[in-house]
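# Examination of the molecular architecture
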Amino acid sequence: NAGVMQNPRHLVRRRGQEARLRCSPMKGHSHVYWYRQLPEEGLKFMVYLQKENIIDESGMPKERFSAEFPKEGPSILRIQQVVRGDSAAYFCASSPPGDGTGYTFGSGTRLTVV
Amino acid sequence: KQEVTQIPAALSVPEGENLVLNCSFTDSAIYNLQWFRQDPGKGLTSLLLIQSSQREQTSGRLNASLDKSSGRSTLYIAASQPGDSATYLCAVSTGGGNKLTFGTGTQLKVEL
């Protein structure tokens, strides 16, 4: 079991470009979560998804950010028209169905906007 | 709104010391509490999970306690080693356990 796989590990984008971050959950996990860690700040919840459904997106910025977890393939966090303030580490986690125990985090994608 | 605070923000100790990291949260209606370890440039590793009905959990040299009514948890590390150097994060879950609210962490350095 390879764990939660995130790619790319590092991503550099120019202001105005799009960033696409991918997350493959652990085998058997149907719940996916995205968190953002800004420099000098703690991890902040962004969105919770199950297959083909967004369950809780209360932490997502209202504009430019979107997330999906399709029936087939990885979960995608998409940031359109990136700005310098989007530079952060983005972590994905997954858990099996149920109460959120068994949370497993990926190694993160470090996005740098230049 | 749940807020999680960790004290101290940074801690440097000599090898072999026993130490305590503190975590407090404002809303006692939590589902569970977890302690994580984060190494520089890496992801998070879950250390201990305490369900809201439990008082403590132990794993090796680590012991975590939970006092839900007072909104506090402590992580006790016995006989610290240089390999324990990392940032330790406390997180509480609400809403059925699926959403975590993190503290800002305690950065621990254990020196030889």
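Now for a quick tour of the structure. A quick note: this is a predicted structure, and the numbers were derived from the prediction, not measured. (Residues numbered from 1 in each chain as written. Chains lettered and ligands numbered in written order. Predicted model: local features only at pLDDT ≥ 70, side-chain atom pairs only at ≥ 80, totals over all residues. Heavy atoms only, no water.)

### Focus on the overall build of chain A
Check the secondary structure of chain A and you find zero helices and eleven strands. The N-to-C order of helical and strand elements in chain A reads β-β-β-β-β-β-β-β-β-β-β. Since a compact globule built from 114 residues should have a radius of gyration of about 13 Å, the 13 Å found for chain A is in line with a globular shape. Each principal axis of the C-alpha distribution contributes one length, and for chain A these read about 40 × 25 × 25 Å. Looking at chain A as a whole, 45% of its 114 residues are labelled buried. (Helix = DSSP H or I, 4+ residues; strand = E, 2+ residues; numbered from the N terminus. Rg over C-alpha atoms; globule rule 2.2 N^0.38 Å. Buried < 20%, exposed > 50% of the residue type's maximum accessible area, 1.4 Å probe, protein only.)

### Points about the packing of aromatic side chains
Applying the stated criterion across every chain, the model contains ten aromatic pairs over all chains. Pairing Tyr103(A) with Phe105(A) gives two aromatic rings, centres 5.7 Å apart and planes at 40 degrees, and the pair type is tilted. When sorted by exposure, Tyr103(A) lands in the same class as Phe105(A), which is buried. Members of the aromatic cluster, connected to one another through ring pairs, are Tyr33(A), Tyr35(A), Phe45(A), Tyr48(A), Tyr103(A), Phe105(A), Phe36(B) and Phe102(B). (Phe/Tyr/Trp six-rings, centres within 6.5 Å; stacked < 30°, edge-to-face > 60°.)

### Section: the layout of surface pockets
If you add up the space inside the largest pocket, you get close to 520 Å³. Gln37(A), Glu40(A), Gln38(B), Thr87(B) and Gln107(B) are the residues nearest the centre of the largest pocket, which is lined by 24 residues in total. For the lining of the largest pocket, the elements supplying multiple residues, two or more each, are strand E9 (88–95) of chain A together with strand E9 (86–94) and strand E11 (106–111) of chain B. By residue class, the composition of the lining of the largest pocket is nine nonpolar, nine polar and six charged. Approximately 420 Å³ is the volume attributed to the second largest pocket. (1 Å grid on protein atoms, 1.4 Å probe; cavity = no way out; pocket = protein on both sides within 12 Å on 5 of 7 lines; lining within 4 Å. Points joined across faces, edges and corners; volume = space filled by probe spheres on them. Nonpolar A, V, L, I, M, F, W, Y, C, P; charged D, E, K, R; others polar.)

### Topic: the pairing of strand E8 (residues 75–79) of chain A
Residue and element names in this part refer to chain A. For E8, the buried fraction is high: four of the five residues fall into the buried class. Note that strand E3 (residues 19–24) and E8 share five bridges and pair antiparallel. Bridge pairing in E8 places Arg20 opposite Arg78. Of the strand pairs in this sheet, strand E7 (residues 65–68) and E8 are connected by four bridges, and their pairing is antiparallel. Looking across to E8, one finds that Phe65 is bridged to Ile79. Between E7 and E8, which follow one another and run antiparallel, lie six residues, and Gly73 among them has a positive phi close to 100 degrees. (Pairing = 2+ DSSP bridges.)

### Topic: the sheet that holds strand E6 (residues 56–59) of chain B
Two pairing modes exist for strands in a sheet, parallel and antiparallel, and in both the strands are linked by backbone hydrogen bonds. All names here are of chain B. Reading across the sheet, the five strands line up as E1-E3-E8-E7-E6 and stay open at both edges, with antiparallel pairing between neighbours. Since the sheet does not close on itself, it has two edges, and those belong to strand E1 (4–7) and E6, each with one partner. In this sheet, adjacent strand axes meet at a mean angle of 15 degrees when their direction is disregarded. Two strands pair when backbone bridges link them, and strand E3 (residues 19–25) and strand E8 (residues 72–77) are joined in this way by six bridges, in the antiparallel orientation. Looking at the pairing, Val20 lines up with Tyr76 of E8. (Axes fitted to C-alpha atoms, helices over the stretch in contact; angles between N-to-C directions.)

### Quick word on the sheet that holds E3(A)
Residues and elements named next belong to chain A. Across the sheet, four strands lie side by side as E1-E3-E8-E7; this open sheet has antiparallel pairing. On the outer flanks of this sheet lie strand E1 (5–7) and E7, each paired with one strand and no other. Averaged over all adjacent pairs, the angle separating strand axes in this sheet is 15 degrees, with direction ignored.

### Some words on the environment of Gly85(A)
Inspection of the secondary structure assignment puts Gly85(A) in the loop between E8 and E9. Of the residues examined, Gly85(A) reaches a relative accessible area of 51% and is grouped as exposed.

Interpretation note: all reported values are geometric properties and have no functional meaning in isolation.
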